[in-house]
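Structural overview for review
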Amino acid sequence: MSDLRIWAATPDDLDTVLAFWKTAAEGTSISDDRDGVERLVARDPEALILAEKDGELVGTVIAGFDGWRCHLYRLAVHPERRRQGIGSALLAAAEERFARLGGRRGDAMVLTHNETAHHAWRAAGYTPQEQWRRWVKPFTG
């Protein structure tokens, strides 16, 4: 996919990313706002990876590394651009980043009901770990 440009998001990209997620991402997150994404890019400038084709944002993935584990979030490809290798290219960029940082295993946050995503993650070599359950607590104020 030589005409696909992949790069780490800058603050100038964030409004476009947030608008893109409304079209391409499944569900919403408590952090899907300008402040949340600005904090991500400020803390880890290489974590939010973007893909562009023909001058249009066509995909995203967040490749977060905390020094111990590699976490993948917000793998999203524009619905009209799916099954063209964009998600694979984004995951390859994320996995290359993790390898450079010394990461040993990636884990992905995937909604239970998102069967389309399940197929994509399996095709990329990821498998669910049924013995784990995610526990969350939103912080307020």
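The structure reproduced in this document is the subject of the present report. Remember, predicted model here, so these are calculated numbers, not experimental data.

Things to note about the environment of valine 110
- Of note, valine 110 is situated in the loop between strand E5 (106-108) and helix H4 (115-123).
- Sequence separation between valine 110 and tyrosine 73 is 37 residues; the distance between their C-alpha atoms is 7.9 Å.
- Ignoring sequence-local partners within four residues, the contact set of valine 110 consists of Ala117, His118 and Trp121.

Some words on the sheet that holds strand E4 (residues 70-77)
- Taken together, five strands build an open sheet; the order of strands is E1-E2-E3-E4-E5 and the sheet is mixed. The open sheet terminates on both sides in strands that have one partner only, identified here as strand E1 (4-8) and E5. Here the strands of the sheet are splayed against their neighbours by 25° on average, with no regard to which way each runs.
- The pairing of E4 with E5 spans three bridges and is parallel.

Thoughts on the environment of histidine 118
- With respect to the secondary-structure elements, histidine 118 resides in helix H4.
- Taking the C-alpha atoms as reference points, histidine 118 and glutamate 38, separated by 80 residues in sequence, lie 28 Å from one another.
- Those residues in contact with histidine 118, other than ones at most four positions away along the chain, are Val110, Leu111 and Thr112.
- A distance of 2.9 Å separates a polar atom in the side chain of histidine 118 from the backbone oxygen of leucine 111.

Brief notes about helix H2 (residues 34-43)
- Of all the positions in H2, only Gly36, Val37 and Val41 are classed as buried. Summarising the axial view, the buried residues of H2 lie within an arc of 130°, below the 170-degree limit, and thus occupy one face. Away from the buried face of H2 by more than 90 degrees, exposed residues Arg39, Ala42 and Arg43 are located.
- Taken together, the buried residues of H2 touch helix H1 (14-24) and strand E2 (48-53).

What to know about the pairing of E2
- Where burial is concerned, most of E2 is hidden: five out of the six residues are buried.
- Two elements, E1 and E2, share five bridges in a ladder whose sense is antiparallel. Considered in E2, the bridge of alanine 8 is made with isoleucine 49.
- As defined by bridge partners, E2 adjoins strand E3 (residues 56-65) across six bridges and the pair is classed as antiparallel. Looking at the pairing, alanine 51 lines up with glycine 59 of E3.
- Here E2 hands over to E3 after two residues, with aspartate 54 in that stretch at a positive phi of 55°.

Calculation criteria
- Residues numbered from 1 in each chain as written.
- Predicted model: local features only at pLDDT ≥ 70, side-chain atom pairs only at ≥ 80, totals over all residues.
- Heavy atoms only, no water.
- Helix = DSSP H or I, 4+ residues; strand = E, 2+ residues; numbered from the N terminus.
- Contact = heavy atoms within 4.5 Å.
- Pairing = 2+ DSSP bridges.
- Axes fitted to C-alpha atoms, helices over the stretch in contact; angles between N-to-C directions.
- Polar contact = N/O pair within 3.5 Å; in protein donor to acceptor, adjacent residues only side chain to side chain.
- Buried < 20%, exposed > 50% of the residue type's maximum accessible area, 1.4 Å probe, protein only.
- Arc of directions from axis to C-beta.

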